[in-house]
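Read off the chains here:
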Amino acid sequence: MEIDVTTVYIDDRPYQMDPEQNLLHQCLSAGCNLPYFCWHPALGSVGACRQCAVKQFKDEHDTHGQIVIACMTPASDGTRISIKDPEAVAFRAGIIEGMMLSHPHDCPVCDEGGHCHLQDMTVMTGHNYRRYRFEKRTFHNQYLGPFLNHEMNRCIQCYRCVRFYREYAGGSDLNAFALRNLVYFGRDKDGVLENEFAGNLVEVCPTGVFTDATLKQHYTRKWDLEFAPSICTQCSLGCNISVGKRYETLRRVVNRYNGEVNGYFLCDRGRFGYEFVNNERRIRQPKLHTEMIAPDAAKNHLRDLASIHADVIGIGSPRASLESNFALRELVGPDRFYAGVLSSELEVLRLMLNILRSGPARTPSLGEVESCDAVLILGEDITNVAPRMALSLRQSVRQQPIEEIAKRLHVPFWQDHGVREVLQDAKGPFFIVTSSPTRLDDVATACSRGAPDDVARLGYAIAHALNPDSAEPDHLADNQRAFVESVANALKAAKRPLVISGPSYRNADVIRAAANISRALPGSALSFVTPECNSFGLALLTAASLEDAINRQPGAAIVLENDLYRRLPAPAVDAFFNQCAHVVVLDYLENRTTTRAELVLSTATFAEADGTLVNNECRAQRFFPAFPQSEMVRQSWQWLGEWETLDQVIADLCRKVPDLAVVAQAAPSAAFRMAGAKIPRESHRWSGRTAVLANIDVNEPKPPEDVNSPLSFSMEGNPDQPPSALIPFFWSPGWNSIQSTNKFQEEIAGPLRGGDPGVRLIDAGAGKGSFYTSVPPAFQAREGEWLIVPLFHIFGSEELSRSAPAVAKLFPDPYVALNLEDASKFGSEVSVMGRNLPVRITAGLPQGVAGLPTGLPSLEGLALPQWSEISKP
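Quick summary incoming for the structure in this document. Worth saying up front: this structure is predicted, and the values here are computed from it rather than measured. (Residues numbered from 1 in each chain as written. Predicted model: local features only at pLDDT ≥ 70, side-chain atom pairs only at ≥ 80, totals over all residues. Heavy atoms only, no water.)

1. Quick look at the sheet that holds strand S1 (residues 6-10)
And then number 1: Spatial strand order, S2-S1-S5-S3-S4: five strands in an open sheet with mixed pairing. At either end of the open sheet lies a strand with only one pairing partner, and these are strand S2 (13-17) and strand S4 (66-69). The mean angle between the axes of side-by-side strands here comes to 40 degrees, regardless of whether they run parallel or antiparallel.
And then number 2: As paired elements, strand S3 (residues 53-57) and strand S5 (residues 80-82) share three bridges and run antiparallel to each other. Of the residues in S5, the one forming a bridge with Gln56 is Ile81. (Pairing = 2+ DSSP bridges. Helix = DSSP H or I, 4+ residues; strand = E, 2+ residues; numbered from the N terminus. Axes fitted to C-alpha atoms, helices over the stretch in contact; angles between N-to-C directions.)

Have a look at this one:
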């Protein structure tokens, strides 16, 4: 499609620009340095700070011109502006001087010092001397929870924080409080910020008002961190992150822009859950019968077990990389490799993959999810299962009103305040069908509650309303028929409808119903979420289920990065291990499975390893280590195989598993060089090189070699922009903060230069197949029994982040959720599934259905949903 372009003259030089954007956006896209504060690429323009002022001229003969604010001025054809005009320069300098009147001189002790947008913009405007000599205004700082520190005295009133928190992320407990000429940004009282995306304030805030409280525990300046490009392992979305380490400690995680996936933002679990890497339960050396053993002896012991025992099996893991799972499969043989997940989960994963391969619709990226104008969620609490997708969905509810209202009134989409003013509370069609309330209910047009089978039946009914050839469930209630009609009409009218589902209920009928809806709706998008970071990758390796492994009764078992006690009841796992003559476990955190092992092999975490993960859209993405290779702690594929490099593993993987043949394209190989040099993990300002190891040896050692990637463990290397999959951190001259991302993009908020990281394994369905016809019967409540469904929590349900101290503070206590009518039969506490738990009354839960928070330590091993009695304790 041909895109209109205009010509805008910046300091008498012509630039081709998008007329649908503002001047600031286009100036930055053109590579110009123009300071700003209140504007953000994802938040749009409000014109609050006036920092991006430029001189605009009527034509080439106009020598006087007028000051305009670039972020509030459209990039119209023939526009002439000057960034360098003396009046514009003086105006910008005056603005920042006013902002700095009460700003403290605490850069040396501020956590943002050295990567602060305010510092960058102050230098850019030339402001270097403070003339103000009077009393500064000061504020009280609040406790905002374990993730964020609050220092209000540094605030410049740009309003970015409340705009992101309230308008973009949907939070309500952070606000701007005004009194006369003072504005305070915080909560009405001290307390934990309630929104799941509050941690983004660290990067949204251009100063040091909101800083990373977890970094504070082991603080290191940005320029002293050794960064590596990585992938978040704490849900299935595959958000891109940069991990930074120093002194053998992982210090922080920051967002790594990927326009197709996470964009500018992360969820709080992904941002702050990294500290499990530093946990005291880390396994730092291999053990044989609980005694430390040399790594070569440990590997020989493993090799002997695998060769001697003909009935040795391997149990893989959805949180291990493709390469590690493949290495285990190669060691034991494809027919003795098991997926390490329950059959109910594996069945649904395979069904979803088959639908994506041959089904009716393409899976959208998270960036594309934001542009969808009608959404139906079937059976998933997205905020707690795949949090970053929930942030994209909150933007999607604005799309239809923007098209219908803002466009009609000729309000530019980038003019955020104007758009929100004309939209007011208008929202596009957004429907949720689940068993329990979700965190997105506040933006939903309508919600329907039902047991998992009833969720599927409503999905089948919606598909039938869209296309009569689809199967029709019988005996729907009048209110259900009205809901179905409303959803079908909204999806039909939409230009970019989206259907979302997933395996949380382990119910294949829910997935089939979602596929039917998408098939009945030509032009729709279909998105599945998965339970863990590499669930799809594991399923593509075609292995049998965990129950099959246990029923095989092997003589020896090798368990890869998988705590089986989380997936099965303890008696079943105990019986399995008791029948195995030998048990080998590869993992990085001690757990109940490692205690049953004869041999424990110390493996590398995501921050110490290379590998590939396949996200929910079947995008294969590579992650790289921030830590040099350790002799005692090795990557799982290194323990399991004889390959010398990761590239060798990938070559074998691509050759032997046709579904994964393009995985090698996820990132350049280790042989890649830029002008003959590697890409440095350290910034050119990295300090302490000659002193960091002085306590060990006063002689400076040679930097460690990395044979598995084109990255170097030093500051030496090519300083130019590398391919997007290899960018360890964002920095550009004059741009030290995360805003330097602008310099790496083809266009602001667009793809990174050269394309965003990752390669799709399944890009679009073949459009074949027919409607599923087997509609489940309606749910029937049982006397004295309840169907227990899983309830997910962003903090607590995921395995690894539970070992991060800050995240652990936000765990919910175990409980059982019941509706008011069912709860009235009991007191405040009940006995369920052998546990005495407090009752939490949950409006909307269907009668005969109860919920348990899944993944909590005291509730592990429960295969939900399942029927159970509930009684008084």
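Read on, since the account is not over.
2. Brief notes about the layout of surface pockets
And then number 1: Estimated volume of the second largest pocket: approximately 840 Å³.
And then number 2: Lining the second largest pocket are 46 residues, with Glu345, Ser504, Arg506, Phe792 and Thr854 positioned closest to its centre.
And then number 3: Of all the elements in the fold, those that place two or more residues in the lining of the second largest pocket are helix H10 (343-358), helix H12 (382-385), helix H16 (452-466) and strand S30 (785-791).
And then number 4: In the lining of the second largest pocket, the residues fall into 22 nonpolar, twelve polar and twelve charged. (1 Å grid on protein atoms, 1.4 Å probe; cavity = no way out; pocket = protein on both sides within 12 Å on 5 of 7 lines; lining within 4 Å. Points joined across faces, edges and corners; volume = space filled by probe spheres on them. Nonpolar A, V, L, I, M, F, W, Y, C, P; charged D, E, K, R; others polar.)

3. Regarding the packing of helix H2 (residues 86-99) against helix H3 (residues 117-125)
And then number 1: Relative orientation of the contacting elements H2 and H3 amounts to 140 degrees, with a least axis distance of 9 Å. With respect to their mutual orientation, H2 and H3 come out oblique. Remark: the crossing between H2 and H3 carries left-handed chirality. Only Met121, Thr122 and Thr125 of H3 make contact with H2, whose side of the interface consists of Arg92, Ala93 and Ile96.
And then number 2: Here the residues of the contact of H2 with H3 are counted per class, giving three nonpolar, two polar and one charged. (Parallel < 35°, antiparallel > 145°, perpendicular 65-115°, else oblique. Left-handed = near helix turned anticlockwise from the far one by under 90°. Contact = heavy atoms within 4.5 Å.)

4. Quick word on empty space enclosed by the protein
And then number 1: Taken as a whole and judged by the stated rule, the model has eleven cavities of 30 Å³ or more.
And then number 2: If you add up the space inside the largest cavity, you get close to 230 Å³.
And then number 3: Forming the walls of the largest cavity are 20 residues, and the residues nearest its centre are His115, Lys222, Val254, Ser737 and Ile738.
And then number 4: Only helix H5 (201-204) and strand S12 (249-255) provide two or more residues apiece to the lining of the largest cavity.
And then number 5: The element contributing the most residues to the lining of the largest cavity is S12, with three residues.
And then number 6: Its residues assigned to classes, the lining of the largest cavity shows nine nonpolar, seven polar and four charged.
And then number 7: Roughly 150 Å³ of internal volume is contained in the second largest cavity.
And then number 8: Forming the walls of the second largest cavity are 17 residues, and the residues nearest its centre are Ser321, Glu561, Ala604, Phe606 and Phe623.

5. So, the side chain of Arg319
And then number 1: Along the chain, Arg319 turns up in the loop between strand S15 (312-315) and helix H9 (322-332).
And then number 2: Here Asp587 takes part through its side chain, which lies 2.9 Å from a polar atom of the side chain of Arg319.
And then number 3: Apart from the residues lying within four places of it in its own chain, the contact partners of Arg319 are Glu532, Cys533, Glu561, Asn562, Asp563, Asp587, Tyr588, Asn591, Glu799 and Leu800. (Polar contact = N/O pair within 3.5 Å; in protein donor to acceptor, adjacent residues only side chain to side chain.)

6. Notes on the nonpolar core
And then number 1: In this structure, Leu393 and Phe430 are the most contacted members of the largest nonpolar core, which totals 119 residues.
And then number 2: Ranked by residue count, the leading element in this core is helix H4 (residues 160-168), at five residues.
And then number 3: Residues Val348, Phe483, Leu491 and Ile517 belong to the second largest nonpolar core, which totals 91 residues. (Core = buried A, V, L, I, M, F, W, Y, C linked by side-chain atoms within 4.5 Å. Buried < 20%, exposed > 50% of the residue type's maximum accessible area, 1.4 Å probe, protein only.)

7. Description of the sheet that holds strand S19 (residues 446-449)
And then number 1: Read across the sheet, five strands follow the order S19-S18-S17-S20-S21 without closing on themselves; strand pairing throughout is parallel. In this open sheet, the two edge strands, each paired with only one partner strand, are S19 and strand S21 (525-528). Neighbour-to-neighbour, the strand axes of the sheet open up by a mean angle of 15 degrees, direction not taken into account.
And then number 2: Pairing between strand S17 (residues 374-378) and strand S20 (residues 497-501): five bridges, direction parallel. Among the inter-strand pairings, Leu378 is bridged to a residue of S20, identified as Ser501.

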